[in-house]
Amino acid sequence: RRAVGAIDMPSAGTMPSSSASDGAPADAEERRCRALVSASFSRAAEALLSAVKTGAAGGGPLLNHLRAIRSTFLLAQGDFLVHFLDQATEELSQPASKVVLSRVQSLLEMSIKSSSCASDVLLDNVSCDLERHGIVTTLLRIYDTSGDRTSDGAATASDTDEFATSTGLELFTLSYDAGWPHSVLLSRRALTKYQLLFRHLFTCKFLERRLCATWRLQQRTRSIQGGSLGVNCSLCAKMLFFIQNYIYYLTFEVFEPNWVRFEKDFAESRTLDALIEKHEAFLDTCMKECLLFKPGILRRLEAAKATCLRFCAGTLRRLAPGPDGAGEEQLDHSHIEAVAQDALFYTANEELAKTFQEQLQSLVGALKSSTLLETNLSHLVHRLAADPEVLL
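Keep in mind it's a predicted model, so treat the numbers as computed, not measured.

**Q** Looking at this structure, how should I read the overall build of the protein chain?
**A** Of regular secondary structure, the protein chain possesses 13 helices and two strands. A burial count over the protein chain gives 46% of its 392 residues as buried. Within the protein chain, residue pairs in contact and separated by at least 24 positions form 78% of the contacts whose partners lie at least 6 positions apart. Counting every atom, the protein chain has about 19200 Å² of accessible surface; 54% of that belongs to carbon and sulfur.

Here you go:
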């Protein structure tokens with residue numbers, strides 16, 4: 001009643017009377033009561049759902065809130081993330097304990113206002129936060145609490161607080177204040193799933209950004225052929241191929257088709273309970289197909305991503321004079337020539353290439369073992385195994 005006001009309920013007089021020929025008046029009366037309660041429930045449920053969907057219960061149309069979350073958490077309009085990382089990377093690269101969250105929040109708001117989704121007033125509900133644990137530990141703690149165990153997730157979560165040892169980038173997440181009555185659908189449980197999906201995609205996009213910065217720096221050294229730079233450029237290309245194909249899989253083969261199906265289910269739902277069930281199914285499917293329900297595979301993926309980040313840091317530090325490539329505009333070609341002939345740099349790149357190759361083969365092997373039950377992973381395997389060396 002608070003959400004939709006008065007609802008016209010069917011009266012007993014409007015219900016068809018039961019035939020008394022069955023000789024069971026008590027049963028007939030019970031059937032009439034059941035029919036009356038069922039009709040009243042259906043009418044109230046449809047009225048409530050309609051009020052929440054259209055915004056008559058307050059807070060605006062529900063689908064607009066869902067689209068705002070999709071634009072930010074699932075990066076459907078992810079150009080704001082480019083602006084955000086341009087401004088906030090330096091702050092978030094610090095240890096999490098030193099990150100000033102109010103400053104990051106201001107940068108996030110500025111990034112959203114300068115993006116293609118600036119006109120969406122619902123994005124004022126988006127805020128940022130820092131979690132206490134990395135994404136793998138968070139998932140394992142959820143499995144420990146729920147008692148859920150998979151064949152590749154036998155490990156248990158550590159009780160160690162990772163906040164003191166992680167950077168802001170590793171713990172960064174978004175939050176959304178849906179308000180009543182939309183918080184019935186966008187509950188704490190649902191928002192936690194959105195946050196896990198965002199954190200997973202965010203770290204992948206940040207890695208892609210770092211690899212692209214490394215690649216741009218390498219293009220300025222193309223006049224110097226061979227030596228350690230050849231191995232370095234080849235490894236960067238393989239890492240870019242890996243992360244860009246994985247991001248393509250997440251965005252175009254997981255989020256997009258599942259969102260299209262959910263919008264159809266949203267339109268066809270007749271009660272709020274049915275809509276909540278469809279929404280939870282949408283989130284669970286996205287998490288499963290994003291490998292978040294497979295800790296063993298996720299650990300392999302995170303290990304490969306960590307190797308890529310280590311490669312970027314080492315290359316930028318070695319080729320550019322400033323920290324993390326800050327001095328790439330002042331490249332010294334005599335310094336680059338010396339790096340090209342540096343045996344230690346060559347050996348370091350060879351070792352990283354070998355490590356990355358082994359990690360990628362392990363990841364593809366684990367994915368192949370899951371394709372029999374989850375055929376959607378076969379597309380990801382096909383993309384990652386396009387490099388012939390992965391199949392060796």
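**Q** Sorry if this is basic, but what is going on with the side chain of Thr72 here?
**A** Relative to the elements of secondary structure, Thr72 occurs in helix H2 (residues 62-73). A relative accessible area of 0% means that Thr72 is categorised as buried. In this structure Thr72 touches Phe80, Leu123, Val126, Leu174 and Phe198, once residues within four positions along its chain are discounted.

**Q** It is not clear to me how helix H9 (residues 272-289) should be interpreted in this structure. Could you clarify?
**A** Helical periodicity: at 3.6 residues per turn, an α-helix aligns residues three or four positions apart in one direction. The terminal C-alpha atoms of H9, which comprises 18 residues, lie 26 Å apart, in line with the 26 Å expected from a rise of 1.5 Å per residue. Of all the positions in H9, only Leu272, Leu275, His279, Glu280, Phe282, Leu283, Cys286, Met287 and Glu289 are classed as buried. At the C-terminal side of H9, Leu291 shows a positive phi close to 75°.

**Q** Help me understand the packing of helix H3 (residues 79-92) against helix H7 (residues 188-219) in this model?
**A** The packing of two helices is summarised by the inter-axis angle and the distance between the axes. At a minimum axis distance of 12 Å, the contact between H3 and H7 shows a crossing angle of 70°. Regarding the angle of H3 to H7, the classification is roughly perpendicular. Counting all contacts with H3, which are made through Leu81, Val82, Leu85, Asp86 and Thr89, the residues of H7 involved are Phe202, Lys205, Phe206 and Arg209.

**Q** Just checking my understanding: could you explain the nonpolar core for this structure?
**A** Most often, soluble globular proteins have nonpolar side chains that are buried together. One finds Leu66, Phe84, Phe172, Tyr176 and Phe242 to be the most contacted residues of the largest nonpolar core, which totals 97 residues. Top contributing element to this core by residue count: helix H8 (residues 227-268), with 15 residues. Every residue in contact with Tyr176, bar those within four places of it in the chain, is listed here: His65, Ala68, Ile69, Phe73, Leu122, Asn125, Val126, Leu186 and Leu191. Leu217, Val339, Ala340 and Phe345 belong to the second largest nonpolar core, which has 10 residues in total.

**Q** What should I look at first to understand the pattern of salt bridges in this one?
**A** Side chains that differ in sign of charge can pair as their charged atoms come close. Following the criterion strictly, the structure yields 13 salt bridges and no others. Arg209 is paired through a salt bridge with Asp86; the nearest N and O atoms lie 2.3 Å apart. With Arg209 in helix H7 and Asp86 in helix H3, this pair connects stretches of sequence that are 123 residues apart. Here Glu280 and Arg189 are joined by a salt bridge, their closest N and O atoms 3.4 Å apart. One end of the pair, Glu280, is in helix H9; the other, Arg189, is in helix H7, with 91 residues separating them in the sequence. By relative accessible area, Arg189 is classed as exposed at 55%. Connected via shared salt-bridge partners are Arg189, Lys193, Glu280 and Asp284.

**Q** So what exactly am I meant to see when it comes to the pairing of strand E1 (residues 126-130) here?
**A** Within a regular strand, side chains alternate between the sheet's two faces. With burial as the criterion, only one face of E1 is covered, namely that bearing Val126, Cys128 and Leu130; the residues Ser127 and Asp129 on the opposite face remain uncovered. Both E1 and strand E2 (residues 172-176) contribute to a ladder of five bridges, which runs antiparallel. Pairing of Leu130 across the sheet is with Phe172, part of E2.

**Q** Help me understand the side chain of Ser370, please; the structure alone is not making it clear to me.
**A** Turning to its location among the elements, Ser370 is positioned in helix H12 (residues 343-370). Residue Ser370 is classed as buried on the basis of its relative accessible area of 11%. For Ser370, the side chain forms a polar contact with the main-chain oxygen of Ala366, separated by 3.4 Å. Ser370 has contacts with Lys294, Ile297 and Leu377, leaving out every residue within four places of it along the chain.

**Q** Help me understand the packing of aromatic side chains, please; the structure alone is not making it clear to me.
**A** Between two aromatic rings, the relevant description is the distance of the centres plus the angle of the planes. Per the counting criterion, the structure on display carries 13 aromatic pairs. Note on Phe262 and Phe282: the rings are 5.2 Å apart at their centroids and 20° apart in plane angle, and the pair reads as stacked. Taken together, the residues span a long stretch of sequence, with Phe262 in helix H8 and Phe282 in helix H9 at a distance of 20 residues. This pair shows no difference in class: Phe262 is buried, exactly as Phe282 is. Its end group placed over the ring of Phe163, Arg132 keeps NZ or CZ at 4.2 Å from the ring centre. Across the ring face of Phe345, the terminal group of Arg318 is positioned such that the distance to the ring centre comes to 5.9 Å.

The rules behind the values
- Residues numbered from 1 in each chain as written.
- Predicted model: local features only at pLDDT ≥ 70, side-chain atom pairs only at ≥ 80, totals over all residues.
- Heavy atoms only, no water.
- Helix = DSSP H or I, 4+ residues; strand = E, 2+ residues; numbered from the N terminus.
- Buried < 20%, exposed > 50% of the residue type's maximum accessible area, 1.4 Å probe, protein only.
- Contact = heavy atoms within 4.5 Å.
- Areas by Shrake-Rupley, 256 points an atom, 1.4 Å probe, with all protein chains shown as cover.
- Expected span 1.5 Å × (residues − 1).
- Axes fitted to C-alpha atoms, helices over the stretch in contact; angles between N-to-C directions.
- Parallel < 35°, antiparallel > 145°, perpendicular 65-115°, else oblique.
- Core = buried A, V, L, I, M, F, W, Y, C linked by side-chain atoms within 4.5 Å.
- Salt bridge = Lys/Arg side-chain N within 4 Å of Asp/Glu carboxyl O.
- Pairing = 2+ DSSP bridges.
- Polar contact = N/O pair within 3.5 Å; in protein donor to acceptor, adjacent residues only side chain to side chain.
- Phe/Tyr/Trp six-rings, centres within 6.5 Å; stacked < 30°, edge-to-face > 60°.
- Lys NZ or Arg CZ within 6 Å of the ring centre and 35° of its normal.

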